[in-house]
Amino acid sequence: MQVFPCPFCGPRSEPEFLFVTEMGKTRPEPAASVSAEVWAAYLHHVQNLKGEVAEVWQHIPCGQLYLMRRDSTTMEVMGVQSLRNGDAL
Amino acid sequence: MNFTFDGMDLTGRPGDSLASALVRADVRIVNRSFKYHRPRGLWGAWVEEPNAIVDVTLNGIRTPNCRATTTPLLAGMKVESVNSALIARCDPMAVLDRFARFIPAAFYYKTFLWPSWRLFEPTIRKMAGLGRMDGALGFAPEAPQRHDGAGVLVIGAGPAGLQAALDAANAGQDVLLVDDRDTPGGSLIDRAEAVDGQSAADWSTAMIAALSAAGGRYLPATTAFGAYDHGMFLLAERRRFPLPPALIRLRADRVILASGAIERPLTFIDNDRPGVMSLHAGLSYLNRHATLPGKHIAILSTAEAEPAARQLRAAGASVEVIEAGEGRAEVGAVHWRSGHLRGLTLRDGRRIDCDTVLASGGWTPAVHLHSQTGGKLDWREDIQAYVPRADRPKIITIGAAAGTYATDDARAEAALAAKGNRPTIRTDLPVRKAWPRLGQSSRAWVDFQNDVTVKDVELAGRENMRSVEHLKRYTTLGMANDQGKIANMAGLATMAAIRQVPISQVGTTTFRPPFDPVSLATLAGPRREARFSPPKRLALEAVHRTAGATFREYGGWLRPTVYTDIRAEVRAAREHVTLFDASPLGKIDVYGPDAARFLDFIYYNTMGTLKPGRARYGFLLTEGGIVLDDGILFRLTDNHFSVSCSSSHVDQVANILDLWRQDQFDPSRVFIQDATPHWATLTLAGPKARALMARLDFGIPLDETSMPHLSIVQKDGMRIARVSFTGDCSYEISVRATHAATLWHRIVTAGRNFGLALQGVEALAILRMEKGLIFVGRDTDGTTMPHDLGFPAPRDKKQAEFVGKRSLFTQTANRSDRMQLVGLSCDGAALPVGGHVLAKGASDSQGYVTSAAYSPTLAKPIALALIAGGLSRMGEAVEVYHLGQRRTATICPACFVDPEWERLNA
Amino acid sequence: MTRHYSAISLLKEGLSGQKGWAPAWRHASPKKEYDAIIIGGGGHGLAAAHYLAKIHGIKRVALIEKGWLGGGNTGRNTTVIRSNYFYPESAALFDMALKLYEGLSRELNYNLMFSQRGMMVLAHSEGEMEIAARSTNAMQLNGVDAELLTRAEIQKRAPILNFSPEARFPIWGAVNQPRAGTARHDAVAWAYARAANAHGVDICETCEVTGFIREAGCVAGVETTKGEVRASRIGMAVAGQSSHLMTILGEALPLRTYTLQAFVSEPVKPIMDTVAFSPKSGTYFSQSDKGEMVFGGALDRVPGFTQRGNPPVMEAVIAGLLEMAPSLSHLRMLRHWAGAVDVTPDSSPIIGPVGEVMVSCGWGTGGFKAIPAGGVLLAHLLATGEHHPVSRPFDISRFASGALIDEGAASGIAH
């Protein structure tokens, strides 16, 4: 059972959290000018790095999205940041 | 205390374990081995015991695979050995041992190829397995689960753990000491070792009292069996047999691991004979249970054993001590006749007469929890053991678990660890090597329970199964229910010798939880039956039950299926008016200055042009363009919408809205709130709905101009909406959930003159099918896009960006043979839902029936189907395949009743 | 040296102390150059090496494995083999594997203990029965054996399932595939290794690929911890490492790696003679020949590469198991472990060229059952440079064209 620090609610247990996506994806728009390959990459491609990763997570009870840096091999959490302000990770 | 073992009536004493009671009763053969059905006796006295696995029946409850050494004796227990064809003393299957040379490790991979494995398998299966479970028992009693935490978790209440816990508590730290024994002291008690001039028991009890006085806590009978991510430990707290232990989920700021060490066997020929026992276990039976493991004892030990011999002699045994290990004596033969150990012959020719051999091949530190957290091990040549490397920032290992066996040194380490310092004390207590000898012609056992011998390890080496993981998997070494606690080191050492490399280069297999098998009931806890995943209940459930409804679960909600008769309910909805509890329909409020722009982006259909008080049907897509939900959006005011999504999708839709809101919008300008549980919604549908509404007199105008189809009015805390899922005129009246019953009874009373009928979910399913209205997830699948459902307009025309837009134009999305929703008409009985649609005479699936029923309105069967290119195949005769049978049906438009939608405003 | 496995060989060796057995495979160090390199010594890589030699006659092959053979998901799964798939593309792939499994013990002269004890997917409501019918019909039309069982038929086959009136998920029926079953997972890797070795394949264990050799803009081989190895054909089947290795090559894959846990109970005498899966409780189980209940369930919710278990999913899976068969609550869990599985957006594998490497990845939770087919298809790609008809739909290009093969799509699972 992992413990993730929600920037709004503090440390909470793993089942309260939802992995959303890797950080840094931008939605390509407008649709009419987006190639099939660019769209597929947006929809599906991920870095899936071993080691330190930066991801968007949601704390389900408060609903807030936030950024989290963690290690995908040791599961250590390095830091979190609200999407609302510029606090360092 | 009376109990039976394999049918023998025996007596034990209070405080006995099953094992100590068997020792007391001089029962030597307690089980048979897994493969060769060799007679087996007790080797250990606690969790390391590999042999004495028994089924215990108490009060009619049979608990399989109990370890006799850790199971307390209770009066009336019926104890049965698990691996004998009859009883442990007399097992006809023992004949297998004579064929041992033909069935070495992994023999089964090399034979049973002809005619087929399935022919041999049933026999092999019957021979395998340990205990017998009672499949008719049902659930074991529920196990409690709780959370706990501590500043310092000390694991193990032997001398090191007791000292560390007390010192840390005295220093003001928040200490929790856990130990798997019922009483403190650990190995001190087994050895009856005096400490500071006190007996082991007195000193340990005093330490616990002092710990308690200093504010520390002590949890006896609790096994820390697993270490997990982020510092979580799982603990099992024993309860009265056979109740499953309680589960404790525990986090600590730091951990002091004082889990002790496990004595290793000596690996000589026939070292598995009953009567060959761990020296430490022998002492444990004497000192904990006041019973001697034998009368004439030979001690074979790789370390100093005179103190042990003195204790055994003092209790009345004759004892001969033989120094074992490198450069010392080695056993040549074990003499075993008619069920009894008679003595040993050493390789130097000496003959020792004895009825019991107490053997010690050195110690293996119990590093399991350290290793489970990913901690590495270092090999120590002087004590021939792996010890934890100091690589876990929050875990300090001390005492025998760290290879520090002497009590004084262990306590000194404890004092350091209590302060948070890593001890550097190294006991200089060299142990003589005593690893298995290679190339012998007879068998010496490495893994007792799984019958893995030195020869098997040699065979694995010969066949290149040389990685420790291959060795384990090929021979099953270490995979028995003791998980190799006593076997693994001898196995590794043998493989090192075969590979001619140091043991440190062989490595170990991965230590997996649990340290000791743990009841499945303990881990499942209260999640069972209704509490496994509780269904959602309606505010009006009791009212529905009174009205005679039968219930089923739909999309997580327990809802009325039918009150009287499905067809009658359908007819009432077409001819008069029905009352339906639609409370689970989603009611997600979306408000704020950007709400309209937000919903335009979220929904396939344009919602921003909606006027306040009006409603529109629309689709919510995934970014992949797939229809995720359909629903009706109400615009209550300029900046306030209510999203009425499908009842089974509410949580999902609310969350998706919130994700998009935070990702693509200014979250201070649009807000989402799921208000579904706040409201109860009652639906009136049918040609007399408007008249009944007028009678109910909610004080709102009902004419077509004021309240047309797809409109909403808020009045007196109610929301009244004109929408229809049946095709007839229909009103949804939503009130605060607490007012639902009042409204219900008011409607029922007023409805008497209008032929009002109560309507369940099944009737609704037919009513909407008659109109070709879909249930998303049932009439759509994970490939369905809105233009497959006859809604191409926004795809073709909507200029603005919306979720999933680009995906509606992929190569696949543009295909003409997409699966499209159509109707199917046929004669005879209703079509089978799940039947597949085939072109006439063909046999490849072109789609399937998603919904089907007999339509009481039309007096004929109707069906909805997803069919490849279906929208352009109207009138085509197709076949419907179901479980080998074929029927003919005709593709038709999905709307069967009133295709002009004239009833809507009638 | 005894190389052939049979009862007679065992008897003969029994008389001489089992001392004459040949190694199952040689310990090899990589040479400088080969006709083909296969990265990954799991079932898929080993099978590909075997079929490259056997079907295509390409025998100068190096199989490069960073750890020990079969140490990834081949040795961590719950051993279920089935082809109860909905879409014809999936059915073709997995039934190809199942058919190969049916003859594999003899083909490889190694008893893989493939036991076709059947697998039931339970249905717990009228709605689920309709989906079950949809699946059963699809399977039958795909040419795969399937039957729709009634509650009574299920009770006869698996009486320990939960038939209590208190059951949270009452059993209505099931889709059964009689040809499905279980096999000894490690043995599949060992048997393929033994067969590939007999063809002359160099099996290089504890040899890790650290990079790719590029010459004139083309990939010409791999850099390993045991030196450079060259070959014009490179294949890769490295679950849990796919993204990592392809990142080195500069290619992105639509893969996310999750932990999948598995569990065994202590062994008991036979009481469950088939495989049962309850999608509703999220758990499936079978009883191994040794007597252990082998069970598993959902992926962990936190992406990662840990290969170790985690309590939240463990507790949920076990609760699901007991809900399926309450009397199992009297057993203890003996061991639990985990593997790192690569999951694609449609949960179907990716087979085919990615850049200049032939990749077989994204098998998710179901790679073991596909091993023989995965091997045949990867070998075909390596030997011919072209797709086999069965692998073509699984090319990575499907993500841009939108032609996903999502088995969840038709199974009534909420999308």
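To be clear, the structure that these remarks concern was listed above.
Below, the structure is looked at part by part. (Residues numbered from 1 in each chain as written. Chains lettered and ligands numbered in written order. Predicted model: local features only at pLDDT ≥ 70, side-chain atom pairs only at ≥ 80, totals over all residues. Heavy atoms only, no water.)

Glancing now at the overall build of chain C. Scanning chain C for helices and strands turns up ten helices and 19 strands. Scaling as 2.2 N^0.38, a compact globule of 415 residues should have a C-alpha radius of gyration of about 22 Å, and chain C matches this with 22 Å. Based on the C-alpha atoms only, the size of chain C along its principal axes is roughly 70 × 65 × 40 Å. A sequence separation of at least 24 residues applies to 74% of the contacts in chain C between residues at least 6 apart. Of the roughly 12500 Å² that chain C leaves accessible, carbon and sulfur atoms contribute 55%. (Helix = DSSP H or I, 4+ residues; strand = E, 2+ residues; numbered from the N terminus. Rg over C-alpha atoms; globule rule 2.2 N^0.38 Å. Contact = heavy atoms within 4.5 Å. Areas by Shrake-Rupley, 256 points an atom, 1.4 Å probe, with all protein chains shown as cover.)

Another aspect to go through is the sheet that holds strand E9 (residues 209-215) of chain C. All names here are of chain C. Spatially, the three strands line up as an open sheet ordered E9-E10-E11, and their pairing is antiparallel. Each of the sheet's edge strands pairs with one partner strand only, and the pair in question is E9 and strand E11 (227-230). Within the sheet, the average angular offset between the axes of one strand and its neighbour, ignoring direction, is 30°. When E9 meets strand E10 (residues 218-224), the two strands line up antiparallel, connected through six bridges. By the bridge assignment, Ile-213 is partnered in E10 with Gly-221. (Pairing = 2+ DSSP bridges. Axes fitted to C-alpha atoms, helices over the stretch in contact; angles between N-to-C directions.)

Moving on to the environment of Thr-810 of chain B. Within the secondary structure, Thr-810 of chain B sits in the loop between helix H22 (793-797) and strand E43 (819-825). The exposure class assigned to Thr-810 of chain B is buried, which follows from its relative accessible area of 9%. Here the alpha-carbon distance between Thr-810 of chain B and Gly-625 of chain B, two residues 185 residues apart in the chain, equals 9.6 Å. Not counting the four nearest positions on each side in its chain, Thr-810 of chain B is found in contact with Ala-400, Ser-401 and Gly-402 of chain C. (Buried < 20%, exposed > 50% of the residue type's maximum accessible area, 1.4 Å probe, protein only.)

Of all eight residues making up helix H17 (residues 595-602) of chain B, seven are buried, and the element is well covered by its neighbours. Buried residues along H17 of chain B sit against strand E33 (588-591), strand E34 (615-621), strand E35 (627-637), strand E36 (640-645), helix H18 (650-664) and strand E37 (671-674) of chain B.

So, about the interface of chain C and chain B. Taken together, the contact between chain C and chain B spans 106 residues of the former and 107 residues of the latter. There are nine salt bridges connecting chain C and chain B. In this structure, the salt-bridge partner of Arg-308 of chain C is Asp-229 of chain B, at a minimum N-O distance of 2.5 Å. There are 59 residue pairs in polar contact (both at pLDDT 80 or more) connecting chain C and chain B. Listed by contribution, the elements that provide at least two residues to the side of chain C that touches chain B are helix H1 (7-15), helix H3 (88-108), helix H4 (126-141), helix H6 (185-199), strand E16 (293-299), helix H8 (311-324), strand E17 (332-343) and helix H10 (398-401) of chain C. When grouped by side-chain class, the residues that make up the side of chain C that touches chain B number 51 nonpolar, 31 polar and 24 charged. (Salt bridge = Lys/Arg side-chain N within 4 Å of Asp/Glu carboxyl O. Polar contact = N/O pair within 3.5 Å; in protein donor to acceptor, adjacent residues only side chain to side chain. Nonpolar A, V, L, I, M, F, W, Y, C, P; charged D, E, K, R; others polar.)

All names here are of chain B. Bridge analysis of strand E16 (residues 296-301) against strand E17 (residues 318-323) gives six bridges, and the strand direction is parallel. Its bridge partner being in E17, Ala-298 is matched across the sheet by Glu-320. Crossover connection from E16 via helix H7 (residues 306-314) to parallel E17: handedness right-handed. (Right-handed = clockwise from strand over helix to strand, strands pointing away.)

Our next topic: the sheet that holds E33 of chain B. Residue and element names in this part refer to chain B. An order of E34-E35-E36-E33-E37 is seen for the five strands of this open sheet, with the pairing classed as antiparallel. What marks the edges here is a single partner per strand, and that holds for E34 and E37. Adjacent strand axes in the sheet meet at a mean angle of 30° when their direction is disregarded. Both E35 and E36 contribute to a ladder of six bridges, which runs antiparallel. Its bridge partner being in E36, Thr-637 is matched across the sheet by His-640.

The next subject is the nonpolar core. Of all hydrophobic cores here, the largest spans 140 residues; its most connected members are Tyr-109, Leu-300 and Leu-344 of chain B together with Leu-93, Tyr-110 and Tyr-192 of chain C. With nine residues, H6 of chain C is the single largest residue contributor to this core. Those residues in contact with Tyr-192 of chain C, other than ones at most four positions away along the chain, are Gly-43, Leu-46, Ala-47, His-50, Tyr-51, Leu-104, Leu-108, Ile-371 and Pro-372 of chain C. Of all hydrophobic cores here, the second largest spans 46 residues; its members include Leu-234 and Phe-515 of chain B together with Ile-160 and Ala-319 of chain C. (Core = buried A, V, L, I, M, F, W, Y, C linked by side-chain atoms within 4.5 Å.)

Geometrically, a pair of aromatic rings is defined through the distance of the ring centres and the angle of the planes. Counting across every chain of the model gives 39 aromatic pairs over all chains. Measuring from centroid to centroid gives 5.3 Å for Phe-4 of chain A and Phe-17 of chain A, while their planes differ by 85°, and the two rings are edge-to-face. You can see Phe-4 of chain A sitting in strand E1 (residues 3-6) and its partner Phe-17 of chain A sitting in strand E3 (residues 17-22), a full 13 residues away along the chain. Given a relative accessible area of 1%, Phe-17 of chain A falls into the buried group. For the pair Phe-107 of chain B and Phe-112 of chain B, a centre-to-centre distance of 6.1 Å together with 65° between the ring planes defines the contact as edge-to-face. On the accessibility criterion, Phe-112 of chain B (13% relative accessible area) is buried. (Phe/Tyr/Trp six-rings, centres within 6.5 Å; stacked < 30°, edge-to-face > 60°.)

The subject of this paragraph is the interface of chain A and chain C. The extent of an interface is frequently quoted as the accessible surface area lost upon association of the parts. With 27 residues of chain A in contact, the opposing surface of chain C contributes 25 residues. Overall, the association of chain A and chain C removes approximately 2100 Å² of surface from exposure, summing both partners, and the carbon and sulfur fraction of that is 54%. On the chain A side of the interface with chain C, the three residues burying the most area are His-44, Asn-48 and Lys-50 of chain A, jointly 30% of the side's total. Of the charged contacts, one joins Glu-22 of chain A and Arg-256 of chain C as a salt bridge, the two residues approaching to 3.0 Å between their closest N and O atoms. Applying the counting criterion to the chain A and chain C interface returns eleven residue pairs in polar contact (both at pLDDT 80 or more). Elements supplying a minimum of two residues to the side of chain A that touches chain C: E3, helix H1 (36-44) and strand E4 (52-59) of chain A. (Buried area = accessible area lost by both parts, 1.4 Å probe.)

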